[in-house]
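Here are the chains, one letter per residue:
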Amino acid sequence: MTQLETATPFSSSPIRVGLVGTGYAATRRAEAFQEDDRAQLVAVVGHTPEKTAQFCQTYNVERCESWQKLVEDRRLEAIAIASINRDRGAIARSALEAGKHVIVEYPLSLDPAEAFDLIELAKDRGKLLHIEHIELLGGLHQALRQALPAIGNIFYARYTTISPKHPAPRRWSYNHHLFGFPLSAALSRVHRFTDLFGTVASVSCQARFWDTSDGYYSACLCDAQLRFHNNLIADITYGKGDCFWRSERTFELHGDRGTLIFDTQQGTLIRGDETTPIEVGSRRGLFAKDTTLALDAIINGKPLYISPQASAYALKVADAARISAETGQTYEL
């Protein structure tokens, strides 16, 4: 019996939802819940009282004192988690133990072992555990997947995302403990590859952080090489902060019959002297689409576009990169 098959059927009344977080992802979630008649956003808890109060006023919802009180609220049937990365595993565990469905932004946890344990807990409790991976719903990934057969046997891939910030913000996403290892926190960079190419044999990674103090840094750079069981070699470069001066978002795939290059939202297929543009769909509305699909799964038991196991496996690969960076050794999976 699958996780979705064990979910408790709902009546026609809206699903009452509690939300943890008040940042960008939480804002998109709140908008999506309020636009869907099948859900009712009831209460919100955030990191700072001032921002939480403003958020609750904007969406006309109750303010909760702590995430512990939120998950204990018997009125609520589902918890959406868009908090700092460090706390997500603990919140998800408490919510599942309290009998709630869970919708959570990636990563589910910074610890792969905890992530797999939470998946088993959700199965045992008959509750939905959905981990958002909207990169799979986006136009780039859909165009990439559709174009793959055109380049034949793929042997090398490269994915680079560089984001300059001047000055670097002193916020949780620039904090070692709150954000976590960059490739675990920015899990979509790894997950794009595991979704397309399967399991990883080994990982080698280097990482560097600038101006580290009190757990915060002004810039970071992670460079990882993944060797897949199908012999594909993939390089992932992730950097952000005040030591960078040019933004980049490039995805390249090289096959024995051609090359695919996606630069931001522009796609190109190269075969010999022939260059063909590839249309890439919009990134707008993906949180709303993800929310709709999650509600479909809770209410009607419809299958989702991603399994929690797939997200947890990508997290395992990202954590292998962390271990490699810390030890200076290639990590064999």
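So, here's what we can say about the structure.

Thresholds, definitions, all that
Residues numbered from 1 in each chain as written. Predicted model: local features only at pLDDT ≥ 70, side-chain atom pairs only at ≥ 80, totals over all residues. Heavy atoms only, no water. Core = buried A, V, L, I, M, F, W, Y, C linked by side-chain atoms within 4.5 Å. Buried < 20%, exposed > 50% of the residue type's maximum accessible area, 1.4 Å probe, protein only. Helix = DSSP H or I, 4+ residues; strand = E, 2+ residues; numbered from the N terminus. Contact = heavy atoms within 4.5 Å. Salt bridge = Lys/Arg side-chain N within 4 Å of Asp/Glu carboxyl O. Expected span 1.5 Å × (residues − 1). Pairing = 2+ DSSP bridges. Axes fitted to C-alpha atoms, helices over the stretch in contact; angles between N-to-C directions. Arc of directions from axis to C-beta.

## Some remarks on the nonpolar core
In step 1: In terms of nonpolar packing, the biggest core is built from 75 residues, with Leu183, Phe193, Phe197, Leu226, Leu253, Leu260 and Phe262 touching the most fellow members.
In step 2: Ranked by residues supplied to this core, first place goes to helix H11 (residues 308-327) with 8 residues.
In step 3: Apart from residues lying up to four places away in sequence, Phe193 is in contact with Ala157, Arg158, Tyr159, Gly198, Phe228, Ala234, Asp235, Ile236 and Phe251.
In step 4: Ranked by size, the runner-up nonpolar core spans 28 residues in total, among them Ile15, Phe55, Ala82 and Leu137.

## Quick notes on unusual backbone geometry
In step 1: With an omega of -5°, the peptide bond between Tyr106 and Pro107 qualifies as cis.
In step 2: Here Pro107 shows up in the loop between strand S5 (101-105) and helix H5 (112-125).
In step 3: One non-glycine residue, Asn60, adopts positive backbone phi at about 55°.
In step 4: Tracing the chain through its elements places Asn60 in the loop between helix H2 (49-59) and strand S3 (62-63).
In step 5: With a phi close to 80°, Asn231 is a non-glycine residue in the positive phi region.
In step 6: The topology assignment puts Asn231 in the loop between strand S9 (219-228) and strand S10 (233-241).

## Topic: the pattern of salt bridges
In step 1: This structure, assessed with the given rule, holds 17 salt bridges.
In step 2: Measuring nitrogen to oxygen at the nearest pair gives 2.7 Å for the salt bridge that ties Glu105 to Arg29. Within this pair, whereas Glu105 is found in strand S5, its partner Arg29 is found in helix H1 (residues 24-35), the two being separated by 76 residues in sequence. Both residues of the pair, Glu105 and Arg29, count as buried.

## Concerning H1
Counting along an α-helix, one turn takes 3.6 residues, and residues three or four places apart therefore face a common direction.
In step 1: With 12 residues, H1 should cover 16 Å at 1.5 Å per step; its first-to-last C-alpha distance of 17 Å lies within 8% of that length.
In step 2: Where H1 is concerned, the buried positions are Ala25, Ala26, Thr27, Arg29, Ala30, Ala32 and Phe33.

## Structural notes on the sheet that holds S9
In step 1: The 9 strands lie next to each other as S14-S13-S12-S11-S7-S10-S9-S8-S15, forming an open sheet whose pairing is mixed. Here the strands that pair on one side only, and so sit at the sheet edges, are strand S14 (274-278) and strand S15 (331-332).
In step 2: Alignment of strand S12 (residues 258-263) against strand S13 (residues 266-271), held across 5 bridges, turns out to be antiparallel. Along S13, the bridge assignment pairs Thr259 with Ile270.
In step 3: Against the sheet, helix H9 (residues 188-197) touches strand S7 (154-164), strand S8 (200-210), S9, S10 and strand S11 (248-255), its axis set at about 160° to S7.

## Description of helix H4 (residues 88-97)
In step 1: When we look at burial in H4, the residues that qualify are Arg88, Gly89, Ile91, Ala92, Ala95 and Leu96. What you see down the axis of H4 is that its buried residues fit within an arc of 165°, all on one side.
In step 2: Lining the buried residues of H4 we find strand S1 (15-20), helix H3 (67-72), strand S4 (78-81), S5 and H5.
In step 3: Phi for Gly99, located one or two positions after H4, is positive at around 85°.

## Quick notes on the environment of Gly241
In step 1: By the secondary structure assignment, Gly241 is in strand S10.
In step 2: Assessed through its relative accessible area of 0%, Gly241 is described here as buried.
In step 3: When the C-alpha atoms of Gly241 and Cys220 are compared, they prove to be 6.5 Å apart, with 21 residues separating the residues in sequence.
In step 4: Once residues within four sequence positions are removed from consideration, Gly241 is found in contact with Ser163, Pro164, Lys165, His166, Tyr174, Ser218 and Ala219.

## Focus on the sheet that holds strand S2 (residues 39-45)
In step 1: Strand order across the open sheet formed by 6 strands is S3-S2-S1-S4-S5-S6, with parallel pairing between neighbours. Because the sheet does not close on itself, it has two edges, and the strands there are S3 and strand S6 (129-132).
In step 2: Taken together, the 4 bridges between S1 and S4 define a ladder with parallel strand orientation. Its bridge partner lying in S4, Val20 is registered against Ile81.

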